[in-house]
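Architecture at a glance
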Amino acid sequence: MEAIELFREMLKRGPAPNEFTLVGALAACANLVALDQGRWIHVYIDKAGINISEELLATLVDMYSKCGEIEFASSVFYNENSPKRTISPWNAMIGGFAMNGWSNEAVDLFEKMSLRNINPNKVTFISLLNACSHGKLVEEGRNYFKSMATSYGVEPEIEHYGCMVDLLGRAGLLKEAEEIILTMPMPPDTIIWGTLLGACRKHGNTEMGERIGKIIRELDPQNVGCQVLLANLYSVSGRWNEAKIVREEIDMIGKKKIPGCTSIELNGVFHQFLVGDQFHPQTKQIYSFLEEMATRLKIAGYVPEVGEVLLDIDDEEDKETALSRHSEKLAIAFGLINTAPGTPIRIVKNLRVCGDCHQATKFISKVYNREIIVRDRIRFHHFRDGVCSCKDFW
């Protein structure tokens with residue numbers, strides 16, 4: 001936000017922005033999902049007659065992709081006047097396709113890049129393997145990973161092994177994912193073990209998750225994120241005592257886990273919500289709207305996924321109340337209250353969206369006839385008419 005404010009001040013009082021200024025401002029818009037401001041900068045570039053270099057093209061593609069406008073990002077990339085002789089724009093477009101769930105398009109673009117004799121680098125393969133991961137293209141991912149060194153002269157680094165662990169873990173191939181870690185030519189770090197722990201949480205493999213949690217604790221006793229994952233895994237399995245012990249250990253460490261936070265932009269102003277947030281000026285309206293929304297969603301067939309409640313609560317109604325106050329639901333309710341019917345709603349979640357919020361948002365998109373675009377820590381979800389672009393695989 002400070003970067004965008006400084007850019008605005010520069011337009012008023014400073015020298016004319018050059019390519020490097022614009023790259024920085026567009027990157028800020030991408031991180032904030034500030035689509036309107038990003039579009040304005042794009043218009044400024046065209047009106048000022050600024051030459052679009054390969055780096056500026058890559059940043060424009062990245063900005064539109066990270067704002068969920070993947071179709072427009074693609075049109076910018078495929079513009080015949082756009083320079084695409086170096087790897088940067090191609091990496092940006094493959095990465096954009098990957099994060100928006102256009103896995104097949106990412107693979108097709110990689111093949112086109114090869115035909116143009118554009119040599120891929122390590123960033124290319126991270127984006128490509130991520131695309132395979134989000135699209136459940138397991139065999140394709142295996143083949144690309146094997147071909148990195150043999151066909152393209154790119155030696156896999158720990159990030160690429162991490163992508164393979166993520167690909168296999170998402171697909172439920174947990175033993176194969178663990179074998180990848182154990183046979184790497186470099187020592188595994190807590191990030192790659194944490195990726196496998198997350199897969200154990202997703203597929204409910206408590207036994208493996210418990211074992212991996214111990215490995216992570218030995219490597220980094222201060223790693224709160226993985227401790228939280230392990231506690232959540234115990235909670236989902238109904239092992240409340242073990243979950244309580246892990247959470248007490250987290251408290252003893254003295255570090256706080258990152259709270260779930262969702263933001264939404266409205267008329268250039270960013271509104272942020274935490275779970276159960278009571279500090280927003282429209283809090284009363286939001287919670288009143290949530291009650292009405294819950295009734296409409298249940299009539300439409302929505303059933304709260306109370307298994308996503310990771311606290312030991314016996315009463316089913318209390319569980320439903322806890323779910324209804326998740327930060328993404330608060331942000332969506334705020335968006336529905338404050339925007340015109342038919343207007344797309346864009347929100348950003350700093351953590352992975354939970355299963356209940358994902359299910360609820362599908363119903364919200366249908367009941368309220370809205371397109372809802374959610375960017376979580378992992379990828380984009382485009383909700384339209386009760387369906388998500390991720391096909392419930394994320």
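Residues numbered from 1 in each chain as written. Predicted model: local features only at pLDDT ≥ 70, side-chain atom pairs only at ≥ 80, totals over all residues. Heavy atoms only, no water.

Let us look at the UniProt feature "repeat: PPR" (unreviewed entry) in the protein chain. As recorded in UniProt, the sites labelled "repeat: PPR" (unreviewed entry) are residues 86-120. Secondary structure across residues 86-120 divides into 74% helix and 0% strand, with the first and last C-alpha atoms of the span separated by 10 Å. (UniProt positions renumbered as here; feature names shortened; annotations may be inferred. Helix = DSSP H or I, 4+ residues; strand = E, 2+ residues; numbered from the N terminus.)

Take the domain arrangement of the protein chain next. By the assigned domains, the protein chain splits into domain 1 (1-156) and domain 2 (261-388). Taken over C-alpha atoms, the centre of domain 1 sits 29 Å from the centre of domain 2. Taken together, the contact pairs 18 residues of domain 1 with 12 residues of domain 2. Carbon and sulfur atoms supply 50% of the area buried between domain 1 and domain 2, which totals about 1300 Å² over both sides. Broken down residue by residue, the surface that domain 1 buries against domain 2 is led by V33, M99 and H134, which jointly contribute 33%. On inspection of domain 1 and its partner domain 2, the count reaches 1 salt bridge. Notably, a salt bridge pairs E69 with R346, separated by 2.5 Å at the nearest N-O pair. (Domains from an automatic or database assignment. Contact = heavy atoms within 4.5 Å. Buried area = accessible area lost by both parts, 1.4 Å probe. Salt bridge = Lys/Arg side-chain N within 4 Å of Asp/Glu carboxyl O.)

Positioned with a positive phi, N117 is a non-glycine residue whose angle comes to about 60°. Mapping N117 onto the fold places it in the loop between α7 (103-115) and α8 (122-134). Of note, the phi angle at D392 is positive, near 65°, even though the residue is not glycine. Looking at the secondary structure, you find D392 in the segment after β6 (387-388).

It should be kept in mind that the predicted coordinates are not to be read in detail where pLDDT is low. With 95% of its residues at a pLDDT of 70 or more, the protein chain has an overall mean of 90. Low pLDDT, under 50, characterises residues 312-316; the predicted model gives this stretch 4 contacts beyond four residues in sequence or across chains. (pLDDT = per-residue confidence, 0-100.)

Strand order in the open sheet formed by 6 strands is β2-β1-β3-β4-β5-β6, and the pairing between neighbours is mixed. Strand pairing shows two members of the sheet lacking a second neighbour, β2 (269-274) and β6, which therefore form its edges. The pairing of strand β1 (residues 261-266) with β2 spans 6 bridges and is classified as antiparallel. Bridge pairing links E265 to F270 in β2. (Pairing = 2+ DSSP bridges.)

Further remarks concern a positive patch on the surface. A contiguous patch of positive charge, built from K136, K202, R352 and R377, is present on the exposed surface. With respect to the secondary-structure elements, R377 resides in the loop between β4 (372-375) and β5 (380-384). (Patch = residues over 30% accessible without salt bridge, like charges linked within 9 Å, V, L, I, M, F, W, Y side chains within 5 Å. Areas by Shrake-Rupley, 256 points an atom, 1.4 Å probe, with all protein chains shown as cover. Lys, Arg positive; Asp, Glu negative; His and termini not counted. Charge placed at Lys NZ, Arg CZ, Asp CG, Glu CD.)

Counting residues in hydrophobic clusters, the biggest one holds 74 residues, and the most contacted among them are I41, V61, M93, L196 and I212. Those residues in contact with V61 that lie beyond four places of it in its chain are A73, V76, F77, A92 and M93. One finds M293, A331, I345 and W394 within the second-largest nonpolar core, a separate group that totals 31 residues. (Core = buried A, V, L, I, M, F, W, Y, C linked by side-chain atoms within 4.5 Å. Buried < 20%, exposed > 50% of the residue type's maximum accessible area, 1.4 Å probe, protein only.)

This part is about the packing of helix α10 (residues 158-170) against helix α11 (residues 174-182). Helix-helix packing: each pair is described by the crossing angle between the helix axes and the interaxial distance. Packing of α10 against α11 brings their axes to within 8 Å, and their N-to-C directions diverge by 170°. By the angle between their axes, α10 is roughly antiparallel relative to α11. Considering only the axes of α10 and α11, their crossing is left-handed. Along the contact surface, α10 presents Y161, V165, L168 and G169, while α11 presents L174, E176, A177, I180 and I181. Residues that form the contact of α10 with α11 fall into these classes: 7 nonpolar, 1 polar and 1 charged. (Axes fitted to C-alpha atoms, helices over the stretch in contact; angles between N-to-C directions. Parallel < 35°, antiparallel > 145°, perpendicular 65-115°, else oblique. Left-handed = near helix turned anticlockwise from the far one by under 90°. Nonpolar A, V, L, I, M, F, W, Y, C, P; charged D, E, K, R; others polar.)

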